[in-house]
Amino acid sequence: MEFKKENYNGKEIFFAESKMNEAKSIALFHGYSFESSVWEKIGLVSNLNKVGYDVYAFDMPSFPKSRNKHIDVETFFSFFSSFAKKFGKISILGASAGGHLAAKFSESNSNLVENLILVGAVGLEEINLPESIKVIGIWGSEDNIYNPSLAQKEIARLGGKFYLIKGARHACYLDKPDDFNKILLNELKYSTN
């Protein structure tokens, strides 16, 4: 992945990209304890490129390991809205607290989002999404941060499809990256922007 920064209203916003100059684009939002490089480490970026996605992995605002830790959420959302408009519609994957931000962004910018992939996302009970957004939930069966049974109900309420990775904890993509990548790629390779 190639690291980039864009100046937005006097602030530098950092992200990494891996472009194949394909028609489909996906943004990856990491969890609170991670940074954008986590997606490359589990092989997700190269796998997404193989099924025709240009990948943009964002450092999340105010998260401790993020290069964007001094950016507030409102500024990030404003930037990401203008960024996403370049693609017409974009897919977003968000893990844990990053999943909550992905869902909040999608809720208020539904015209920009095609697929929303929530991975152990928190705060789902606060979210309402239109039917136009395809929702996919992926959880570890041993998640002790956001109960998988509750998550399954919330994903169903949002009209989405739910997957449970047996034996995986909250960061299920780290515990079982092959299972995680397989689920995601099977869902996304049939999607078009």
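Here we summarise the structure given alongside this text. These numbers were taken from a predicted model, which means no experiment stands behind them. (Residues numbered from 1 in each chain as written. Predicted model: local features only at pLDDT ≥ 70, side-chain atom pairs only at ≥ 80, totals over all residues. Heavy atoms only, no water.)

## Remarks on the sheet that holds strand β1 (residues 2–8)
Here comes step 1: Spatially, the eight strands line up as an open sheet ordered β1-β2-β4-β3-β5-β6-β7-β8, and their pairing is mixed. Either end of the sheet is taken by a strand with one partner, and the two such strands are β1 and β8 (161–165). Across the sheet, the mean angle separating the axes of adjacent strands is 20 degrees when strand polarity is ignored.
Here comes step 2: Both strand β6 (residues 113–119) and strand β7 (residues 134–140) contribute to a ladder of five bridges, which runs parallel. Note on β7: the bridge partner recorded for Val-119 is Ile-138. (Pairing = 2+ DSSP bridges. Helix = DSSP H or I, 4+ residues; strand = E, 2+ residues; numbered from the N terminus. Axes fitted to C-alpha atoms, helices over the stretch in contact; angles between N-to-C directions.)

## Description of helix α5 (residues 148–157)
Here comes step 1: For α5, the full list of buried residues reads Pro-148, Ala-151, Glu-154 and Ile-155. Looking down the long axis of α5, one finds its buried residues gathered within 120 degrees of arc, a one-sided arrangement. Among the exposed residues of α5, those pointing more than 90 degrees away from its buried face are Lys-153 and Ala-156.
Here comes step 2: Looking at the buried residues of α5, the elements they touch are β6, β7 and β8.
Here comes step 3: A side-chain oxygen of the first residue of α5 lies 2.7 Å from the backbone nitrogen of Ser-149; this N-cap is Asn-147.
Here comes step 4: Gly-159 sits one or two positions beyond α5 and adopts a positive phi of about 80 degrees. (Buried < 20%, exposed > 50% of the residue type's maximum accessible area, 1.4 Å probe, protein only. Arc of directions from axis to C-beta. Contact = heavy atoms within 4.5 Å. Polar contact = N/O pair within 3.5 Å; in protein donor to acceptor, adjacent residues only side chain to side chain.)

## Observations concerning the pairing of strand β3 (residues 24–29)
Here comes step 1: Counting buried positions along β3 gives six out of six residues, so the element sits mostly inside the fold.
Here comes step 2: Of the two faces of β3, the one lined by Lys-24, Ile-26 and Leu-28 and the one lined by Ser-25, Ala-27 and Phe-29 are each fully buried.
Here comes step 3: As defined by bridge partners, β3 adjoins strand β5 (residues 90–95) across four bridges and the pair is classed as parallel. Each residue of the ladder has a partner; that of Phe-29, found in β5, is Gly-94.

Just geometry here; none of it tells us what the structure is for.
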